[in-house]
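Residue-level structure breakdown
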Amino acid sequence: MSYNTIGHLFRVTTWGESHGPSIGCVIDGCPPGIALAAEEIQAFLDKRRPGQSRFTTQRREPDAVRILSGVFQDDAGRQVTTGTPISLIIDNVDQRGRDYTDIKDKFRPGHADFTYWQKYGIRDYRGGGRSSARETAMRVAAGAVARKVIPSVTIRGALVQIGRHRIDRSRWNWEEVGNNPFFSPDAGIVETWTSYLDEVRKAGSSVGAVIEIVAEGTPAGWGAPIYGKVDQDLAGAMMSINAVKGVEIGAGMAAAELTGEDNADEIRMGNDGRPQFLSNNAGGILGGISTGQPIVARFAVKPTSSILTPRRTIDRFGHDADISTKGRHDPCVGIRAVPVGEAMMAIVLADHCLRHRGQVGPGP
Ligand SMILES: Cc1cc2nc3c(=O)[nH]c(=O)nc-3n(C[C@H](O)[C@H](O)[C@H](O)COP(=O)(O)O)c2cc1C
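Here the structure is a predicted model, which is why all the values come from computation and not from measurement.

Notes on the pairing of strand β18 (residues 320–323)
A one-sided burial pattern is seen for β18, the buried positions being A321 and I323 and the unburied ones D320 and D322. Both strand β17 (residues 311–314) and β18 contribute to a ladder of four bridges, which runs antiparallel. Bridging from a neighbouring strand, R311 pairs with I323 of β18.

Written as structure tokens, this is what we have:
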């Protein structure tokens, strides 16, 4: 009813608000015996952490995670999961509620202020409360645990478009993603994005972006017909990320322009005796079930709604008003959405791995 949980067997429930004392999550259904240290989770949180460049919010949050439950020392002295709920917590340390007193009675156009007020009749206006992307830190933490459930799967993400400026896909190099503040796989676009985002930032404005997430090493067979398709669950998971307005799998919307000959991924027997697809327009999923090819999901985020430019709105008393947001914000939320998208892919695939195992067993 209250929808703070994702997953069927690998279940993640997040809690907390942007300016509350802390945020956290409970992961229920994680198998026992998986080595898990806080540092492994921290490494992924550090990729999403705010304030790492001038292109992300200047809120200073160390995002130091603690594991409160669900782990114990095994006979070899390793800290492993026990099969009981894993509870993770991060303290908020750089809240500045006063940044938001100007907007406490007004609704920011494009934000969730209006709808939360309409639904609940009360809202934590500080930084957007529960609707803030602060919550996505816990998705990243849970995603780090999910990755450990499916160690054979490598999940990577990249930013492929900011505003109208797209990467050149022929220059795609995963090694580049860690070398620039945008998670760009194309070193050639970094200068363009830098000057463009500087302009946007100095104007107090914001801009949208497209993120691509790729999972390699998924075996054929995960997923389910008819209402438990991997692509269906991925679309829901990606769409649940704040500011996401579009999701594609494989060729996505562009499939509408392809012919049947161009779109269908032909198959041959590879030299290793295994089936080999000659293209991947399906994005690694057919009939809701993984093909063994890379699973490819793409999503678009809208421009950040809290901007410095005055906008027209109303207040909760029914009066017209003007609003501009003084709080710190990301000029392009797409940058920090990259690790969040990776985490959602990991959570969905870990869940499907366990669901597959539950129905058909571990396989040969
Ligand atoms: C990583 C990340 C950071 C975000 N930071 C901000 C922000 O600083 N200011 C803002 O207005 N929205 C920000 N957003 C988007 C809002 O959280 C989101 O637009 C809002 O909750 C309304 O939900 P919706 O856009 O999904 O409809 C961010 C989103 C992401 C993914």
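Examining the site of the ligand
Neighbouring the ligand are 15 residues, the closest being H111, S131, A243, K302 and S306. H111 has a polar side-chain atom sitting 3.4 Å from an oxygen atom of the ligand. Within the contact set of the ligand, an oxygen atom lies 2.3 Å away from a side-chain nitrogen or oxygen of S306. Taken by itself the ligand offers 620 Å² of open surface, and the protein chains cover 86% of this. By residue class, the composition of the shell around the ligand is five nonpolar, seven polar and three charged.

Some details on the packing of aromatic side chains
Summed over all chains, the structure comprises five aromatic pairs. Aromatic pair F107 and F114: ring centres 5.6 Å apart, planes at 80°, arrangement edge-to-face. The exposure class assigned to F114 is partly exposed, which follows from its relative accessible area of 39%. Here the aromatic cluster, defined as three or more aromatic residues joined through ring pairs, consists of F55, F182 and W193.

Focus on the sheet that holds strand β9 (residues 165–166)
What the five strands build is an open sheet, ordered β9-β8-β10-β16-β11; its pairing is antiparallel. Each having just a single partner strand, β9 and β11 (244–249) make up the two edges of the open sheet. Here strand β8 (residues 154–162) pairs with β9 via two bridges, running antiparallel. By the bridge assignment, I162 is partnered in β9 with H165. On the sheet, helix α4 (residues 190–202) packs against β8 and β9 and is oriented at approximately 60° with respect to β8.

A look at the pairing of β8
In terms of residue burial, β8 counts as a mostly covered element, since seven of its nine residues are buried. Where β8 hands over to β9, the hairpin turn is made up of two residues, of which G163 adopts a positive phi near 55°.

A closer look at the pattern of salt bridges
Summed over the entire model, instances satisfying the criterion amount to 27 salt bridges. For D113, the salt bridge is made with R123, and the minimal N-O distance between the two is 3.6 Å. With D113 in helix α2 (residues 113–120) and R123 in the loop between α2 and α3 (136–149), the pair connects residues that are ten residues apart, well separated along the chain. Pair check on accessibility: D113 and R123 agree, each one buried. Linking R169 and E212 is a salt bridge whose minimum nitrogen-to-oxygen distance equals 2.9 Å. Here the residue R169 occupies a position in the loop between β9 and α4, and E212 occupies one in strand β10 (residues 209–216), the gap between them amounting to 43 residues. Using a relative accessible area of 4% as the deciding quantity, one classes E212 as buried. Bridged by salt links that share partners, the residues R48, E61, D63 and R134 form one connected network.

Basis of the calculations
- Residues numbered from 1 in each chain as written.
- Predicted model: local features only at pLDDT ≥ 70, side-chain atom pairs only at ≥ 80, totals over all residues.
- Heavy atoms only, no water.
- Buried < 20%, exposed > 50% of the residue type's maximum accessible area, 1.4 Å probe, protein only.
- Helix = DSSP H or I, 4+ residues; strand = E, 2+ residues; numbered from the N terminus.
- Pairing = 2+ DSSP bridges.
- Near = heavy atom within 4 Å.
- Polar contact = N/O pair within 3.5 Å; in protein donor to acceptor, adjacent residues only side chain to side chain.
- Areas by Shrake-Rupley, 256 points an atom, 1.4 Å probe, with all protein chains shown as cover.
- Nonpolar A, V, L, I, M, F, W, Y, C, P; charged D, E, K, R; others polar.
- Phe/Tyr/Trp six-rings, centres within 6.5 Å; stacked < 30°, edge-to-face > 60°.
- Contact = heavy atoms within 4.5 Å.
- Axes fitted to C-alpha atoms, helices over the stretch in contact; angles between N-to-C directions.
- Salt bridge = Lys/Arg side-chain N within 4 Å of Asp/Glu carboxyl O.

Honestly, it's all geometry; don't read function into it.
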